[in-house]
Amino acid sequence: MAPFSKSGMSREDVFSRLQAFRQNDIKWQDGRVFGYIFDPGQAVQDIAKQAYTMFLSENGLDFSVFQSLLILEKELAAIGRRHLRGDADVVGNFTSGGTESILLAVKAARDYYRSIRPEITAPEMILPTTAHAAFHKAGHYLDVNVVRVAVDPTTFRADPAAIEAAITPNTILLVGSAPSYSHGVVDPIADLGRIALDHELWLHTDACMGGFLLPYFRRLGAPVPDFDFTVPGVSSISMDLHKYAYTPKGASLVLYRHKDLRKHQLFACSHWIGYTIVNNAVQSSKSGGPMAAAWAVLNTIGDDGYLDIARKKLGATQKIAGGIAAMVGLRLLTQPDMCLISFTTTQGSVFHLVDEMNARGWYIQPALSFDNSPAHVHLSINASNVGREEALLADLKECVAKIGTMPTGDLVQLVQSGLVGIDLAGLSEKELADMLALAGIRDEGLPHRMADINGVLNALPPNVREQLLVTFVNNLFS
Ligand SMILES: *Cc1c(COP(=O)(O)O)cnc(C)c1O
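These numbers were taken from a predicted model, which means no experiment stands behind them. (Residues numbered from 1 in each chain as written. Predicted model: local features only at pLDDT ≥ 70, side-chain atom pairs only at ≥ 80, totals over all residues. Heavy atoms only, no water.)

**Student:** Hey, could you run me through the overall build of the chain in this one?
**Tutor:** For the chain, the count of helices and strands is 16 helices and 13 strands. The C-alpha atoms of the chain give a radius of gyration of 23 Å, which matches the 23 Å a tight globule of 478 residues would have. Along the first, second and third principal axes, the C-alpha atoms of the chain reach 65 × 60 × 50 Å. Across the 478 residues of the chain, 50% fall into the buried class. Averaging the coordinates of the 41 positive side-chain charges in the chain and doing the same for the 49 negative ones gives two points 4 Å apart. (Helix = DSSP H or I, 4+ residues; strand = E, 2+ residues; numbered from the N terminus. Rg over C-alpha atoms; globule rule 2.2 N^0.38 Å. Buried < 20%, exposed > 50% of the residue type's maximum accessible area, 1.4 Å probe, protein only. Lys, Arg positive; Asp, Glu negative; His and termini not counted. Charge placed at Lys NZ, Arg CZ, Asp CG, Glu CD.)

And the structure:
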């Protein structure tokens, strides 16, 4: 048997099969999903698709061959520079997403300090606990040690004094978010900038979520603290386009205060037998589609269009946050600075709430407890959610009433008892598989209700959670 169709499928069969694969996907088209999907509406989607397919085959590997992609990337970086109020020295590049932008910024910081402070052989970056997981990934990939610092327990903003106290002779990089994904609050970037300047450190603002949208919220009169290149001490900023700029996925920017910093992001190779390599970013061969689509969407919606969308999102956020704050059984974790809301339950399991809402066709995202933040629900409010506020609050109210009586804990206790006397740092594959089986997960299966597995994960220490997740996925993709 050939590993795929031997004689080729008909066009019709290809698309009917592809369509069938989507059967269990979340239905996002009617605005009941609060995350993952950034839907600009059908008309803009159509333009994005046309621009994407127009540049589908062009290869970003070599911008001397495809000069269109050089022009597009420079235009997009210039849009980012002006949007984030950078001066003429600010430069940037297009990447496949926030993770790639962050990987590149951490690499640039690492290599910059290698050049100016070669005595630092075990570099460290200081992360507030709300800094996105992509920084942990960057540290893991690039051998930069992560030093975690707790955020303020009531505002969930980074704590500048605690960060300054964590600086060691090995520190190279500080990170602040605008806003944090988890709680939607903007860190005190100006304070972090002062600390970075005092200690000659690199400060990265992670504005993956807010870089594009916050300037519009500021224009609408919302209190938005400065986080961009106007803040002294900010060396680099990541800003996704495939979130609140509504471009197709595979679109982000990473920007630097000056070319001398960005230089350390680039990679060239002449030590092999083959074509000359010089890469801006992580990928080498890459489609021109995401860049062309991003350019098309930005210029189709336009500045006025984005301001209008922002106004609607601001209104929807205020309605939903207000409704949650007033609801018996729920607690808003903090007042958000943008349109990301975090809340938890005061009676009943937050994970049951997520499942109950899911059963009613909503997608709201669960988050495990960590450090001083309880397990909670995250909502990213979107243009497509506008108009659904009342329905969401009504269903939340009914689900909250229901979960109060739903049992929790048996399974969690079972799994915890299974851990007694076991070396948590070195769990065997068998022990991990047994634990997953206890939680109702066997090979190749995704559980229907997630409350049990989330409850189990939530009760375990983070390093065990990570081992379980790796084992689970290692089995799932086989
Ligand atoms: C989404 C996000 C990222 C990671 O971006 P991806 O595009 O998912 O790789 C990083 N930081 C923040 C604050 C984010 O919201």
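Once you've had a look at it, read on.
**Student:** Please clarify how a nonpolar patch on the surface should be interpreted in this entry.
**Tutor:** Taken together, the side chains of F15, L18 and F21 make up a nonpolar region of the molecular surface, amounting to roughly 340 Å² of accessible area. Tracing the backbone shows F15 in helix α1 (residues 11-21). (Patch = residues over 30% accessible without salt bridge, like charges linked within 9 Å, V, L, I, M, F, W, Y side chains within 5 Å. Areas by Shrake-Rupley, 256 points an atom, 1.4 Å probe, with all protein chains shown as cover. Salt bridge = Lys/Arg side-chain N within 4 Å of Asp/Glu carboxyl O.)

**Student:** Looking at this model, I keep getting lost on the sheet that holds strand β12 (residues 365-367). Mind explaining?
**Tutor:** Strands belonging to one sheet form pairs held by backbone hydrogen bonds; the direction of such a pair is parallel or antiparallel. What the four strands build is an open sheet, ordered β10-β11-β13-β12; its pairing is antiparallel. Every interior strand has two partners, whereas the edge strands, β10 (330-332) and β12, have only one. The sheet shows a mean angle of 35° between the axes of neighbouring strands, taken without regard to direction. In the sheet, β12 pairs with strand β13 (residues 376-380) via three bridges, with the strands oriented antiparallel. In the sheet register, Q365 faces β13, and the bridge partner there is H378. Along the sheet, helix α10 (residues 289-326) contacts β10, β11 (340-345) and β13; its crossing angle with β11, the most-contacted strand, is approximately 15°. (Pairing = 2+ DSSP bridges. Axes fitted to C-alpha atoms, helices over the stretch in contact; angles between N-to-C directions. Contact = heavy atoms within 4.5 Å.)

**Student:** Where do I start with the pairing of β11 in this structure?
**Tutor:** Two faces belong to every sheet, and in a regular strand the side chains alternate between them. Counting buried residues along β11, six of its six residues qualify, which places the element largely inside the surrounding structure. Side chains L340, S342 and T344 of β11 all project onto a buried face; the interleaved residues I341, F343 and T345 project onto the opposite face, where all are buried too. Both β10 and β11 contribute to a ladder of three bridges, which runs antiparallel. The residue of β11 that forms the bridge with L332 is F343.

**Student:** What am I meant to see in the site of the ligand here?
**Tutor:** Around the ligand lies a shell formed by G97, G98, T99, I102, H132, Y181, D206, C208, M209, D240, H242 and K243. Within the contact set of the ligand, an oxygen atom lies 2.5 Å away from a side-chain nitrogen or oxygen of T99. Within the contact set of the ligand, a nitrogen atom lies 2.6 Å away from a side-chain nitrogen or oxygen of D206. Here the ligand has 380 Å² of accessible area as a free molecule, and 85% of this is covered by the chains. Broken down by element, the residue count for the shell around the ligand peaks at three residues, all from helix α4 (residues 98-116). Across the shell around the ligand, the residue classes tally to four nonpolar, five polar and three charged. (Near = heavy atom within 4 Å. Polar contact = N/O pair within 3.5 Å; in protein donor to acceptor, adjacent residues only side chain to side chain. Nonpolar A, V, L, I, M, F, W, Y, C, P; charged D, E, K, R; others polar.)

**Student:** Looking at this structure, I do not really get the domain arrangement of the chain. What am I missing?
**Tutor:** Size of an interface: often given as the accessible area lost when the parts come together. Each domain of the chain was delimited in the assignment, giving domain 1 (52-296) and domain 2 (410-476). Between the C-alpha centres of domain 1 and domain 2 the distance comes to 34 Å. (Domains from an automatic or database assignment.)

**Student:** Whenever I open this one, α4 confuses me. Can you help?
**Tutor:** Along an α-helix, a turn takes 3.6 residues, which lines up residues three or four apart on a common side. For α4, built from 19 residues, the straight-helix expectation of 27 Å at 1.5 Å per residue is met to within 8% by its first-to-last C-alpha distance of 27 Å. Counting buried residues along α4, 14 of its 19 residues qualify, which places the element largely inside the surrounding structure. (Expected span 1.5 Å × (residues − 1).)

**Student:** Got a minute to help me understand the packing of aromatic side chains in this structure?
**Tutor:** Two aromatic rings, taken as a pair, are described by how far apart their centres are and by the angle between their planes. One pass over the structure, following the stated rule, counts 12 aromatic pairs. Aromatic side chains F38 and Y244 sit 5.1 Å apart centroid to centroid with 85° between the ring planes, which places their arrangement in the edge-to-face category. Taken together, the positions of F38 in the loop between α1 and α2 (42-54) and Y244 in the loop between β6 (234-240) and β7 (252-256) put the pair 206 residues apart, joining distant regions of the chain. Neither residue differs from the other here; F38 and Y244 are each classed as buried. For the ring pair W202 and Y256, a centre distance of 6.1 Å and an interplane angle of 85° mean the geometry is edge-to-face. With W202 in strand β5 (residues 202-206) and Y256 in strand β7, this residue pair connects regions lying 54 residues apart in the sequence. Ring pairs connect the aromatic residues Y112, Y113, W202 and Y256, which therefore count as one cluster. Seen from the ring of W362, R32 lies directly overhead, with NZ or CZ sitting 4.2 Å from the centre. (Phe/Tyr/Trp six-rings, centres within 6.5 Å; stacked < 30°, edge-to-face > 60°. Lys NZ or Arg CZ within 6 Å of the ring centre and 35° of its normal.)

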